[in-house]
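Descriptive structure summary
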Amino acid sequence: RGRTGNALLFNHVVNVTAGPLEDSFMTTGLHTIRCLYCVICQERVGWKYEVAFEEDQKYKEGRFILEEELISTSIFGQNDVRAPNPEADNR
């Protein structure tokens, strides 16, 4: 879960910039993260895990969280639409 609800964990992301390192106390423990910002609107869309201090959270290091409520896609000037649900096609 992200700060705003459902969140997705990725190995790679595009169209974002990363902010400075900051320590964040999350429900899974202390992490050093960088907030991620959209390159178009500069709004915060998630974060990158740089360091996980709990051993069982180390798998997150170097990975990215994008929050579903904060991301959208824009197709050649059309209105924004919500990001597709990656689970929808896994039936």
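Computed from a predicted model, the values in this text were never measured in an experiment.

1. A few points about the overall build of the protein
Looking only at helices and strands, the protein has zero helices and seven strands in total. Each helix and strand of the protein, placed in order from N terminus to C terminus, yields the pattern β-β-β-β-β-β-β. Counting over 91 residues, the protein shows a buried share of 27%. Nonlocal contacts in the protein, meaning residues at least 24 apart in sequence, comprise 34% of its contacts between residues at least 6 apart. Put simply, the protein shows about 6500 Å² of open surface, and 50% of that area lies on carbon and sulfur atoms.

2. Some details on the packing of aromatic side chains
All told, the structure shown has one aromatic pair when counted by the stated rule. Relative to Tyr49, the ring of Trp47 has its centre 6.1 Å away and its plane inclined at 80°; by these criteria the two rings are edge-to-face. One exposure class covers both Trp47 and Tyr49, and it is buried.

3. Section: the sheet that holds strand β1 (residues 7–10)
The strand order β1-β5-β4-β3-β2 describes an open sheet built from five strands, whose pairing is antiparallel. Single-partner strands in this sheet number two, and they are β1 and β2 (16–26). Here the average twist between neighbouring strands, direction ignored, is 30°.

4. Here's the deal with the pairing of β2
Moving residue by residue along a regular strand, the side chains alternate between the two faces of the sheet. Pairing analysis gives nine bridges linking β2 to strand β3 (residues 29–38), with the strands arranged antiparallel. Paired with Thr17 across the bridge in β3 is Tyr37.

5. Points about the environment of Val51
Among the secondary structure elements, Val51 is positioned in strand β4 (residues 44–52). For the pair Val51 and Gly62, spaced eleven residues apart in sequence, the C-alpha separation works out to 7.8 Å. What Val51 contacts, discounting residues up to four positions off in sequence, is Leu30, His31, Thr32 and Glu61.

6. Side note on the state of the cysteines
Throughout the structure, instances matching the rule amount to zero disulfides. Free of any disulfide, Cys41 has its nearest cysteine sulfur in Cys38, 3.7 Å distant.

7. Topic: the nonpolar core
Counting six residues, the largest nonpolar core consists of Leu36, Cys38, Val45, Phe64, Leu66 and Ile71. Of all the secondary-structure elements, those providing two or more residues to this core are β3 and β5 (64–67).

8. Points about the pairing of β3
Where burial is concerned, most of β3 is hidden: seven out of the ten residues are buried. Here β3 pairs with β4 via seven bridges, running antiparallel. Within the sheet, the bridge partner assigned to Cys35 lies in β4 and is Trp47. If you look at the hairpin formed by β3 and β4, you'll find five residues sitting between the two strands, and Gln42 has a positive phi there, around 65°.

What counts and what doesn't
- Residues numbered from 1 in each chain as written.
- Predicted model: local features only at pLDDT ≥ 70, side-chain atom pairs only at ≥ 80, totals over all residues.
- Heavy atoms only, no water.
- Helix = DSSP H or I, 4+ residues; strand = E, 2+ residues; numbered from the N terminus.
- Buried < 20%, exposed > 50% of the residue type's maximum accessible area, 1.4 Å probe, protein only.
- Contact = heavy atoms within 4.5 Å.
- Areas by Shrake-Rupley, 256 points an atom, 1.4 Å probe, with all protein chains shown as cover.
- Phe/Tyr/Trp six-rings, centres within 6.5 Å; stacked < 30°, edge-to-face > 60°.
- Pairing = 2+ DSSP bridges.
- Axes fitted to C-alpha atoms, helices over the stretch in contact; angles between N-to-C directions.
- Disulfide = S-S within 2.5 Å.
- Core = buried A, V, L, I, M, F, W, Y, C linked by side-chain atoms within 4.5 Å.

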